[in-house]
Amino acid sequence: MQVYNTLGKKKEEFTPLKEGEVGMYVCGPTVYDLSHLGHARTYIAFDMIVRYLRVRGYKVCYVVNITDIDDKIIARARELGEAPQALAKRFEAEFFADMDTLGMLRADHYPKVSGHMPEIIKIIERLLEKGCAYRAGGDVYFSVDLAVGYGRLSGQSAEEMLAGARVEVNPLKRNQLDFALWKGAKGGEPSWESPWGPGRPGWHVECSAMGVKYLGEQFDIHGGALDLIFPHHENEIQQSEGATGKGPFVRYWLHTGFLLVKGEKMSKSLGNFITIKDVLKGHDPEALRLFFLSVHYRSPIDFEYQNLQNAEKNLERLYNALNFVDRIEKSTDEIKGIKDILESHKNKFYSAMDDDFNTSKALSHVYELTGEIFKIGPKAKADDLLSLRDFLGEVGYIFGILQREPQIKGLEEALRALAISLGIELAAATDYRGAIEAVIAARETLRRGKEYAAADRIRQELMGMGVILEDSKDGPVWRLKRAPRGASSS
Ligand code: AMP
Ligand code: ZN
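The shown structure was predicted, so the numbers you read here are calculated from the model rather than taken from an experiment.

Regarding the coordination of the zinc ion (ligand 2)
(1) Moving on: Within the first shell, the zinc ion (ligand 2) binds the protein through Cys 27 (SG), Cys 207 (SG) and His 232 (NE2), at distances of 2.0 to 2.2 Å.
(2) Moving on: Donor residues for the zinc ion (ligand 2), ordered by position in the chain, follow C-x179-C-x24-H. In this pair, Cys 27 is assigned in the loop between β3 (21-26) and α1 (37-55) and Cys 207 in helix α6 (residues 205-215), connecting sequence segments 180 residues apart.
(3) Moving on: Using a relative accessible area of 8% as the deciding quantity, one classes Cys 27 as buried.
(4) Moving on: For Cys 207, a relative accessible area of 1% corresponds to the buried category.

Next up, the structure:
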């Protein structure tokens, strides 16, 4: 399996530190507002990566931190006249609610800054002892040393980094590239006791402290969107390797491309954001996942509702294929073709996924396969059907789609009532499928008798029960509607 490593800017063979195991850390949200679609794009990408690694047999330990102490939280709390911790708690709960609606796997750990002060203080102490940091006033700064490879992740020169860091000139810093590990308390801000007096950690140090705590001094994958490469991840490398004396801190650095709106990054500060909650009021969470995953995780995506609608259609196609497979009759005879078609598409799917998680290409093979599926006749060999169903199930798991169950609760009773009103005999029907077929056959009789209004009424009645009936050139085909996740809860 090949992954693109930002460190070195090329695809590399993926070999984790411990065979069969993967430690993966992704920089999580700063909980001062609702999450927007840009966040969703990044978290869905890493969710897919975790799922795929697990399908490939790796035991993954997945860590996502929650930044619950930060300048932005303090500023927002002040604006709203709320305590910073209470505000952070509120938006943390909103974050988890959004992640659940999006069908995200839960990470193994969600460490918070407020719960890791001893670990953070310890790493700063180690950096001071080793001469990698210095005290100034009530603050502690990391002393950037270009000689030990500062800039190696972002591949920038000192000048570029200075410009990129957009630092305000701080007279306490020896070098303007230095960054705060500990900020001495200012009036009215939350603060914690430390060997350097009361204060709070700088932003970058939390990820070094929590990464080392949950995944060890060296681990496999570290991710975030590409805005985090500099300075955040560059600083993490320096802090972690400086404190532990071991390198590399992380073997593979993975960064997602941005979600854009008219060419600009979707962000809170630009005001061009759409919250996850808002978009899901009118759209299917599985379609949003499919939309994001239709593009390679490193490429930018321009957000447009039109694209979301296209994803909705593609999702529908995949559900149709699934329904179709479920309806094919199992036979003991060998029916040529299915096995070969499945194997060749499956292989292409996995080689695309093994090539730096190329979901876009992998999906194109799935669409090709579903195109072929519709050509399968009404009967197929049981084993082949099972393999086909398993593969579609695996695709559904990796993408976090096709997870809905058809709505069959109360369906049989409703069908019986309809049959009685139509004067149809259902005695031969053993289950809801048989009952649907019987009602459809009665409707066909009406259609042949040119009683179109009556036939249409039956179709409407079926629709009301969640049975979608379409008249194709090969006759009527039906499928069950599946309720979008989260649709019934709001
Ligand atoms: P934040 O809460 O803003 O620190 O962001 C949390 C995560 O979402 C980080 O990995 C960000 O880089 C990522 N992120 C924020 N905005 C976008 C965007 N427009 N597109 C992709 N990822 C984003
Ligand atoms: Zn981080």
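Observations regarding the sheet that holds β3
(1) Moving on: Sheet architecture is open: four strands sit in the order β4-β3-β9-β10, paired in parallel fashion. Each edge of the sheet is formed by a strand with only one pairing partner; in this case those strands are β4 (59-64) and β10 (250-256). The sheet shows a mean angle of 20° between the axes of neighbouring strands, direction not considered.
(2) Moving on: Bridge count between β3 and β4: six bridges; the pairing is parallel. Bridge pairing in β4 links Tyr 25 to Val 63.

As for the domain arrangement of the protein
Interface size, as often reported, equals the accessible area lost upon joining of the parts.
(1) Moving on: Domains assigned within the protein are domain 1 (2-256), domain 2 (286-399) and domain 3 (411-480).
(2) Moving on: Measuring from the centre of the C-alpha atoms in domain 1 to the corresponding centre in domain 2 gives 36 Å.
(3) Moving on: Here domain 1 meets domain 2 over a buried area of about 2300 Å², counting both sides, of which 66% is carbon and sulfur.
(4) Moving on: Of all residues in domain 1, the largest losses of buried area upon contact with domain 2 belong to Arg 41, Met 48 and Tyr 52, amounting jointly to 32% of the total for that side.
(5) Moving on: Summed over the shared surface of domain 1 and domain 2, the number is three salt bridges.
(6) Moving on: Elements with a contribution of two residues or more to the side of domain 1 that touches domain 2: β1 (2-5), α1 and β10.
(7) Moving on: When grouped by side-chain class, the residues that make up the side of domain 1 that touches domain 2 number 15 nonpolar, four polar and six charged.

Basis of the calculations
Residues numbered from 1 in each chain as written. Chains lettered and ligands numbered in written order. Predicted model: local features only at pLDDT ≥ 70, side-chain atom pairs only at ≥ 80, totals over all residues. Heavy atoms only, no water. Donors = N, O, S within 2.8 Å, 3.2 Å for Na, K, Ca; no water. Helix = DSSP H or I, 4+ residues; strand = E, 2+ residues; numbered from the N terminus. Buried < 20%, exposed > 50% of the residue type's maximum accessible area, 1.4 Å probe, protein only. Pairing = 2+ DSSP bridges. Axes fitted to C-alpha atoms, helices over the stretch in contact; angles between N-to-C directions. Domains from an automatic or database assignment. Buried area = accessible area lost by both parts, 1.4 Å probe. Salt bridge = Lys/Arg side-chain N within 4 Å of Asp/Glu carboxyl O. Nonpolar A, V, L, I, M, F, W, Y, C, P; charged D, E, K, R; others polar.

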